[in-house]
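# A structural walkthrough
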Amino acid sequence: MKLLIVSHGEFCNGILDSYQMIAGENKNIVAVSLTDAGIQDFVERLTDQLAKFASDEVLILTDIKGGTPYNEAYKYYLSNDKRVRVVAGMNLPMVIELGLSLSNSSLTALEELAIEQGRKGITGLLEEENVEEELEF
């Protein structure tokens, strides 16, 4: 099982760097960024990386739905839907949970985990008294 994270700019590289700081290196997670070199350069690097994963199941995380990284990942999914899934809206809690679950989860389970953890990773401070109860000193 492989996890491919793609984004506009250096976001995917930064999130991978943060993952590695927290959870350690994981050779099954790779980042491909859309840079100022342009869309064609991104497509070539994405295609090259996906060719390396041709015999693996792959979950592709993207930054935003409808952007070039998502659109290109989705195009690949359309011709490889048995072994590829795409989830948009990646965040660090999502990547951490997925990275720690790659070796013991199915592709469908990872896709569901990505969505669940992505949502759980978004919180806010709604009531001051709840915050005080949650803080540990």
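Below is a short write-up of the structure. (Residues numbered from 1 in each chain as written. Predicted model: local features only at pLDDT ≥ 70, side-chain atom pairs only at ≥ 80, totals over all residues. Heavy atoms only, no water.)

What follows deals with helix α4 (residues 92-101). In an α-helix there are 3.6 residues to a turn, and that puts residues three or four apart on one side. Turning to α4, its buried residues number three or more, namely Met-94, Val-95, Ile-96, Leu-98, Gly-99 and Ser-101. Buried residues along α4 sit against β1 (2-8), α1 (11-23), β2 (29-34), β3 (58-62), β4 (84-88) and α5 (107-120). One side-chain oxygen of the residue at the start of α4 lies 3.0 Å from the amide nitrogen of Met-94, identifying that residue as Asn-91. (Buried < 20%, exposed > 50% of the residue type's maximum accessible area, 1.4 Å probe, protein only. Helix = DSSP H or I, 4+ residues; strand = E, 2+ residues; numbered from the N terminus. Contact = heavy atoms within 4.5 Å. Polar contact = N/O pair within 3.5 Å; in protein donor to acceptor, adjacent residues only side chain to side chain.)

So, about the sheet that holds β1. Judged by pairing direction, the sheet is parallel, and its four strands sit side by side in the order β2-β1-β3-β4 without closing on themselves. The open sheet has two edge strands, β2 and β4, and neither has a second partner. Strand after strand, the sheet turns through a mean of 20 degrees between neighbouring axes, direction not considered. Both β1 and β3 contribute to a ladder of five bridges, which runs parallel. Paired with Ile-5 across the bridge in β3 is Leu-61. Most of the contacts of helix α3 (residues 68-78) go to β4, to which it runs at about 160 degrees, and overall it touches β1, β2, β3 and β4. Each of β1, β2, β3 and β4 touches α4; the most contacted strand, β3, lies at about 170 degrees to it. (Pairing = 2+ DSSP bridges. Axes fitted to C-alpha atoms, helices over the stretch in contact; angles between N-to-C directions.)

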